[in-house]
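Inside the fold
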Amino acid sequence: MQSSVSNRKTINIAIAACSNYSTPGNYWTDDQWLMEQLLQFENVQVQIIDWKDTNVDLLKFDSIFVSTVWDYIHDPDAFLEFLNNCEIDSNKRLINDYQILSKGVLKSDYMVGLIDHFGCSDDEHGYMTPTLFYVKDDSIINPFEDALQKFHDMYDWDGDLVIKPVTSCDGNNTFTYKRESNTNIDDQNAEELFLNILNSPTANGVIIQQYIHGIDDHGEYSLVYFNHELSHTVQKPVGFKAGTHAAKRQVIEPRDLPPNMKAFGEKIIEYLEQMHNCILTRTRVDLFCGASGPVICEIEFVEPSTNIHYVDIVSTDMRKNIINNYATVILNRTKELISVREN
């Protein structure tokens, strides 16, 4: 049967956001730009919706692009139910695909595969940050000491650590436990923060990772991909701290990325799509510089900030080109989903 997408009167697209950014006049900047660009295309209607609003008829949309849903961390079970309800009629309409979105709610679900595939040993071509997943066990008398010992046994590492929830976004409840320099957070505070995460009903456990000291020399790199292609890169420079007047994020050219970082990002995208049998339409890969090569910090494919507003500071024309590509990718994926349903 020949596809009827081109003959349709209207294509309906939803952009799912959190409550704070789902009302007119209060949309997140990148969502606003994306919506405006999508509306430039012929016969396209776009609505920014609150993913928690159960009055929204999700099945009327041809695609539902999961975007700025940053508050899902407060009720991850409700968010998973939302994802299920988007395709409760057995028709695929989620962007990214359901199977990868659902894996991103619990970071451990996708990180385990990255550890198995890329390893946690220093490698010039790239590797995963040494990581331990720790869940609550009431039989353990001192969970903090137990977790530190387990990390030591796995990686022979007694240096600085990063500790954060399994379900989190935007660095919420993430802290650095600097045991080597004895700064930032002392043992007592570190244990208290660890236990707060462990006992949280929505954190789903604790992630402990080796602190990669390359961040002190090079910062952190965010590579944004639209449909497998690297769109733009943003660096959190040395000294960056969100919400302060410290060093600000800055746009950098892909050619200026550290050695092997661009190639490693492409390998990560390829691996995730093959491993989870999914289509990744929009993804952000966060990387550090290790001793020999790039190191995975996290992969954001549920609700990554695309950082396009930082591009606008550098070049309005560059931002417009990125938004146009962004919208085209979303529209093309929507048409693919429609074709699957109608053929």
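Before reading on, note that the structure itself is shown above.
Since the model is a prediction, treat every value here as computed from it, not as a measurement.

What follows is about the sheet that holds strand β5 (residues 127-128). Pairing is mixed in the open sheet, where 6 strands are placed in the order β5-β14-β13-β10-β11-β12. Each edge of the open sheet carries a strand with a single partner, namely β5 and β12 (250-252). Pairing of strand β11 (residues 229-236) with β12 involves 3 bridges; the strand directions are antiparallel. Each residue of the ladder has a partner; that of T233, found in β12, is I252. Each of β5, β10 (220-226), β11, β13 (282-289) and β14 (294-300) is contacted by helix α8 (residues 261-276), which is oriented at about 135° to β13, the strand it contacts most. Relative to β10, helix α10 (residues 316-342) is tilted by about 50°, and along the sheet it contacts β10, β11, β12 and β13.

Further remarks concern the sheet that holds strand β3 (residues 63-66). Read from one edge to the other, the open sheet built from 4 strands follows the order β2-β1-β3-β4, with strand pairing classed as parallel. The two strands at the open ends of the sheet, each matched to only one other strand, are β2 (44-50) and β4 (94-95). As defined by bridge partners, strand β1 (residues 11-17) adjoins β3 across 4 bridges and the pair is classed as parallel. Of the residues in β3, the one forming a bridge with I15 is F65. Here helix α2 (residues 76-86) sits on the sheet in contact with β1, β3 and β4, set at roughly 155° to β3.

Within the secondary structure, P130 sits in the loop between β5 and β6 (131-134). Between the C-alpha atoms of P130 and I115, which are 15 residues apart in sequence, the distance is 8.0 Å. With sequence-adjacent residues up to four places away left out, P130 is seen in contact with C120, F151, Y155, I208, Q209 and Q210.

Analysis parameters
- Residues numbered from 1 in each chain as written.
- Predicted model: local features only at pLDDT ≥ 70, side-chain atom pairs only at ≥ 80, totals over all residues.
- Heavy atoms only, no water.
- Pairing = 2+ DSSP bridges.
- Helix = DSSP H or I, 4+ residues; strand = E, 2+ residues; numbered from the N terminus.
- Contact = heavy atoms within 4.5 Å.
- Axes fitted to C-alpha atoms, helices over the stretch in contact; angles between N-to-C directions.

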